Structures are given as structure tokens and as C-alpha cells.
Amino acid sequence: MKRFISFLMAFIVSCLLRAEELPWPSVSLSNGVMQMTSYTPGVPGSFYKAGRFVHGSLLDNIKAGSAAFYVRHYPGAHNPLGLDSVCGPAEEFDLNTSPPGYDEVADGGLFLKIGVGVLRRPADVEKYEFFKAYDIVDSGVWTTEALGGTGVVYRHTVALPDKRYGVEYEHRITLDAKQPVARVTRTLRNTGGKTIVTRHYNHQFLAINAQPVGAAYSLELGFAPTPEQSLGDAIRISGRNIQFTRDVTGTLWSPMSGFTDAPTDHRFTLRHGNGAAVHYATDRPVADFCLYVTPRIICPEFFIDLCVAPGTAATWSSELRFELPK
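Residues numbered from 1 in each chain as written. Predicted model: local features only at pLDDT ≥ 70, side-chain atom pairs only at ≥ 80, totals over all residues. Heavy atoms only, no water.

> Before we move on, can you summarise the overall build of the chain with the specific residues and values?
Check the secondary structure of the chain and you find one helix and 23 strands. Its C-alpha atoms give the chain a radius of gyration of 20 Å, near enough to 20 Å, the size a compact globule of 326 residues would have. Its C-alpha atoms give the chain principal-axis dimensions of about 60 × 50 × 45 Å. By sequence separation, contacts in the chain at least 24 residues apart represent 64% of the contacts at least 6 residues apart. Charged side chains of the chain number 31 positive and 32 negative; the gap between the two group centres comes to 6 Å. (Helix = DSSP H or I, 4+ residues; strand = E, 2+ residues; numbered from the N terminus. Rg over C-alpha atoms; globule rule 2.2 N^0.38 Å. Contact = heavy atoms within 4.5 Å. Lys, Arg positive; Asp, Glu negative; His and termini not counted. Charge placed at Lys NZ, Arg CZ, Asp CG, Glu CD.)

> Break down the nonpolar core for me, with residues and values.
Met36, Phe69, Leu188, Leu291 and Phe322 are the most contacted members of the largest nonpolar core, which totals 84 residues. Once residues within four sequence positions are removed from consideration, Leu188 is found in contact with Phe93, Ile114, Val167, Glu168, Tyr169, Thr198, Leu306, Val308, Thr312, Ala313, Ala314 and Trp316. Tyr102, Phe111, Val116 and Tyr128 belong to the second-largest nonpolar core, a separate cluster that totals seven residues. (Core = buried A, V, L, I, M, F, W, Y, C linked by side-chain atoms within 4.5 Å. Buried < 20%, exposed > 50% of the residue type's maximum accessible area, 1.4 Å probe, protein only.)

> If you had to explain the pairing of strand β7 (residues 117–120) to someone new, which residues and values would you point to?
Sheet topology places strand β6 (residues 110–113) next to β7; four bridges connect them, and they run antiparallel. Considered in β7, the bridge of Leu110 is made with Arg120. Once β6 ends, the chain turns through three residues before running back antiparallel as β7, passing Gly115 with a positive phi of about 85 degrees. Sheet topology places β7 next to strand β8 (residues 136–138); two bridges connect them, and they run antiparallel. The residue bridging Val118 from the neighbouring strand is Asp138, located in β8. (Pairing = 2+ DSSP bridges.)

> Run through the sheet that holds β8, naming residues and quoting values.
The strand order across the open sheet formed by three strands is β6-β7-β8, and the pairing between neighbours is antiparallel. The open sheet has two edge strands, β6 and β8, and neither has a second partner. Along the sheet, successive strands turn relative to each other by an average axial angle of 45 degrees, direction set aside. (Axes fitted to C-alpha atoms, helices over the stretch in contact; angles between N-to-C directions.)

> Describe the side chain of His156, naming the residues involved and giving the relevant values.
Its place among the elements puts His156 in strand β10 (residues 151–159). A distance of 2.8 Å separates a polar atom in the side chain of His156 from the backbone oxygen of Ser139. A polar side-chain atom of His156 sits 3.5 Å from a polar atom in the side chain of Trp142. Look past the residues within four positions of His156 in its chain and what remains in contact with it is Gly115, Val116, Gly117, Ser139, Gly140, Val141, Trp142, Val167, Glu168 and Tyr169. (Polar contact = N/O pair within 3.5 Å; in protein donor to acceptor, adjacent residues only side chain to side chain.)

Have a look at this one:
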């Protein structure tokens, strides 16, 4: 009997390992100077099925020349149902604000998490909390349009049963014809009966060549930041520059003030001592900015506010430009 149980456990582990080795449904993008993997949402075996991040926003294996940019949040075997089991420039609506409909329903009522679907409000949870796993009642419908190997468009259609809130969301990723540049353009169309007030941000999981976060990294913002919480002695701020002074050994997080509506404020550059860099810019005024850092990742997070009336749409874009090592 013990031999049979041991064999069964070995078989199960073997199956799990083989399942992990299977490729996740994806679209490969390349323009000859850079490449990346875009994970396909809304299909069997999707890379991410949890209730937090936009299912169509996950990019992996981002490479240009000899440099790799971004990593997965967690190393090791991937769990598609893990709330934070994401990678690359993962995006989310309503991290620190209530999703459409949440504050209007009682326990057990339904609300809309844009990019995810219709979720159920649990009992005894007064305020929306992004770190909780809410039941996904309806994932909506995702479609995929490939753009000749250098781009992809994901479209998501979902609505509450009573149509108070509904959206058609488009997430378009395109690579420049010749340069190591990627652009993401999003369009949020309100198909429901009530105005959608929401907040969107990009949770950058940045690391260059998977190097641990330490003195080789520096971050330049478009404004001179003032942290609202202490970041300890691992970070030194001088004007617009954030220098990492030593290896980061724990988790650091703080909102930062100092930004304005000026377009030059809506950007950052992360540099590594090997000469590689990531330049990010967005075309909407910043509503909030946070810096989240762990020993593995650096996450500069721009938040933008959106107010979309019924029958109208909002469009906003961001650009990622990569520098190769010297």
C-alpha cells in the first residue's frame, strides 16, 4: 500500500511538472530588434485567471539585444489562479478605489472589475480590498486580433446582469517598426447605463537581466518626489533621481508627491550599471504615484483617473523604450 501511495504521489508531481512545462496560450511579438510574449486572455489554459489584474495586459520574456527586461512577480512554478501571479507591466483598475458598482450593492451583490469580469461582493467586507480573492461570476468575452507578428489587440466585453455597468475594453500592444519601442493603447467604452468612475495603473515588475535590486540600479522620475513613508537607507533621493545605495533585503513601498499635470512629469527611466535602461511615459495626467520595491523588482506606478459617461469612450496610451547594454 505504501509503495502504491508513493507511486501515486510521484505520478501526480510528475504531471504537475509536465503541466508547468506546457506553453501558456500566447502571441509572440518581434520586430527584429526586440521580442516579447503576450499571454492570451479568456481561453482554456490562460496564463492568468485571477480577479485582480487585467487579463490581457501581461507581457513576458521582454528582450532587446542581450538584455532582458521585467520578470515574474514570483519565481518558480506559476499558478494561474494566484492573485499576484503576474509579470511584466501588469495593469489593474481600482487598486485603491472602489470598482464600478461595489459601493452600491449589499453583501452578495455584483460589481464590475474592468479587465477581469463581474465579481461578487462578499459578506462582512465594507471596503473594497485589492488583495482579497473575490468570486468571478462572469468573465465576459475576450477576443484576440493578431497584427502580423508586431502587435496584438485584445477586446473584452462584459456587463452586470442589470446593465447598470458594462464595458467594451480594448488593449492594443504594438512594436515600433525598427526601434526597441513598444506602445500600449487602451480604449474603455461605457456600454452601461451609469457613468464609470475608475482609476487605472501599471504595476511595473521591472528588473534588468533579472539582476537583484541594489546599487547597480537608479531611477529617474519626471518630477522631484517626496515619499510619504520612510524608504530606509537603501534608497537615496536627490531631485528627480532615486539611487539604490545597497542591496534591498525587504519590501519597500510609499506613495510619493511632487508631480504636476505637466506631460514631462508622466515618465520614468530605470537604468542599470551595464548601460541598459527602460524609459516609460504615459499621456494622461498623474492622479497618484507609488514606488514598490522588493529584492527582485522595482515598480514605479503611475495612476490615472477616468470618468466615462454612458455611450462614450476614453483612450490613453503609454510607451516603453528600451536601451541596450553598452
